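# Chain and residue survey
Single-letter residue listing:
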Amino acid sequence: MRDKLLGAAAARPLLVVAALTVVLLLIVLSGATRNLPLDLLIRSYSAPEEGPQNCSLASPIQPAKDKLLGGLLSPAFDEPSSPIEPAKDKLLGGLLSPAFDEPSCLSRYQSAQFWKSSNHTPSPYLLQKLRSYEALHQRCGPHTDLYNKSIDQLRSNRSTGPLECNYVVWLQSGGLGNRLMSLISTFLYAILNNRVLLLSVPDDLHDMFCEPFPGTSWALPSDFPIKKFETRDFYGGSPQSYGNLLKNKVLSNGMDATHASLPAYLYLHLTHDADDSDKMFYCEDAQLLFQSFPWLFLRSNQYFAPSLFLVSQYNDELQKLFPEKEAVFHHLGRYLLHPTNSVWGYVTRYYEAYLANAKERVGIQVRNFPNAPVKFELMLDQVINCTLKEKILPDIKVEVPANLTTSGVKPKAVLVTSLQTGYFEKLRNMYYEHSSTTGDAIGVYQPSHEELQRTENQNHNTKALAEMYLLSFSDVLVTTAFSTFGYVAQGLGGLRPWMVLRPDNQNSPCRRALSMEPCFHFAPAYDCKAGRNIDKGTVVPHVKHCEDLDFRWGLKLFD
């Protein structure tokens, strides 16, 4: 009897330990840690100071935990295998140069981890061209000997013909979306003409983008001879503009400029309000004339790349650069546009907190234009009808309260970007108050709501750029027709979005884009060889009219 009592007493500590282990296990499995405060969830990411750079946003490696819980669980069961997704190519198929210090610009090599895998491969010729351009920019960039020689020519107030280094200087116009589209177009123009791209960076864009070219800068230095570009000399009607010099017969597209007395530079006005003389820029004879000017200053708020595909002297080069026509912005945007670490922090913190664990990410971008407003209720109906009709989002059970059985199910995350909060609030309440017909849990999020567009405000532009990138990480994208904000997101993400149309006389709330390229809204109709206006959307198979415009002069690249 005594032996039995001693045996029972000896077993009690083991039973207590087992009971405590089970209690702890139940606490863990019940999700007791899921109510962490948001400030712990939205944590800043810091790159490791030493060792190889890791481009993922995963947490630091923790010591391996005992999966058998100290022998509590039996090892006799098969462990399910979870496929490990292969690491994505941080150089984007050779598009990016590896010659950068990674921590100085985290977005350059980390963006690939967030974008959907792209089946749009850059051509070997484009990769070769970008490496050649980088070498050119290093030779001719600010404060090099060749740059200084070109500056001496600029100070002389007259052109002496083309130099070893020739430049095109980008001048800003419009909101952030317009600026980025025109910047990509200007870079394409630069590489087609062996020119160096330099930027007059406005105050509201300072410290927003990393330098895209290794070992040099794309920003005009502070000692550049021309100090002010927001003056009459660099807008429509400028005495120094190509269009005005053409009208006044100081220049002509067919002139022999080799011995002519030419101004030191030429201003190209290519915004939406460019007149017919300015639009003669798209004539082949004009491109030959421009070769006589080492300095071109170009202002645009348009994605004018499609019209470069209608200039026959560029045909062979563009075919080799972009055999896939709808990937022009996709490749050049991913090559050129890298948010600085401060902007990238907005992007990654928001993504980790709200989007990272979703089984699917849906981006919805809503823009209401002040010069052509649509009532909120009508635009909301268009958005909801589009997402339900195209099965982007599930319908709801109106009579049934929110589903109580979605615990443990990964939600579908809906990211709404808009200047107003109304669209976000309606969608959030729709899925918060009712069950979805599919049983999916739908989380709706909106990073900011500025109410008004404030292009001249850097904080506003920082949020806008961060939200463009967040939208580009979507699996499915819904944008507003005519919106350049949406164009940038779809181009970076390699997405063909559903475009929500204005409710005026439309049979459908939205239309699927047939190309991920942006639209050139105000493209020229004048045919230089024919000497009259023609339908530019019928000249070549890969340049057609945009799907999201009611008027006929917008142009877009297609495959």
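These notes cover the structure that comes with them. (Residues numbered from 1 in each chain as written. Predicted model: local features only at pLDDT ≥ 70, side-chain atom pairs only at ≥ 80, totals over all residues. Heavy atoms only, no water.)

This next bit is on the pattern of salt bridges. Counting across every chain of the model gives twelve salt bridges. Of the charged contacts, one joins Glu 102 and Lys 90 as a salt bridge, the two residues approaching to 2.5 Å between their closest N and O atoms. Of this pair, Glu 102 sits in the loop between helix 2 (38-41) and helix 3 (106-110) while Lys 90 is found in the loop between helix 2 and helix 3, placing the two residues twelve residues apart along the sequence. When its relative accessible area of 17% is taken as the criterion, Glu 102 is described as buried. Judged by its relative accessible area of 28%, Lys 90 is partly exposed. (Salt bridge = Lys/Arg side-chain N within 4 Å of Asp/Glu carboxyl O. Helix = DSSP H or I, 4+ residues; strand = E, 2+ residues; numbered from the N terminus. Buried < 20%, exposed > 50% of the residue type's maximum accessible area, 1.4 Å probe, protein only.)

Before going further, it helps to examine the environment of Asn 368. Within the element layout of this structure, Asn 368 appears in the loop between strand 5 (360-365) and helix 13 (376-389). Residues Asn 368 and Ala 481, 113 residues apart in the sequence, show an inter-C-alpha distance of 9.9 Å. Polar side-chain contacts of Asn 368 include one of 2.6 Å to the backbone oxygen of Val 374. (Polar contact = N/O pair within 3.5 Å; in protein donor to acceptor, adjacent residues only side chain to side chain.)

We now examine the side chain of Lys 556. Mapped onto the secondary structure, Lys 556 falls in strand 16 (residues 555-557). Residue Lys 556 is classed as buried on the basis of its relative accessible area, which comes to 2%. At a separation of 3.1 Å, a polar atom in the side chain of Lys 556 contacts the main-chain carbonyl oxygen of Ser 515. Of the polar contacts made by the side chain of Lys 556, one reaches the side chain of Glu 547; its length is 2.7 Å. In this structure, Lys 556 is in contact with Pro 306, Ala 513, Ser 515, Glu 517, Pro 518, His 542, Val 543, Lys 544, Cys 546 and Glu 547, ignoring residues within four places of it in sequence. (Contact = heavy atoms within 4.5 Å.)

Let us look at the nonpolar core. Core analysis: the largest hydrophobic core is formed by 119 residues, its most contacted members being Phe 187, Leu 188, Leu 197, Phe 224, Trp 295 and Phe 297. Ranked by size, the runner-up nonpolar core spans 25 residues in total, among them Val 362, Leu 380, Leu 427 and Trp 498. (Core = buried A, V, L, I, M, F, W, Y, C linked by side-chain atoms within 4.5 Å.)

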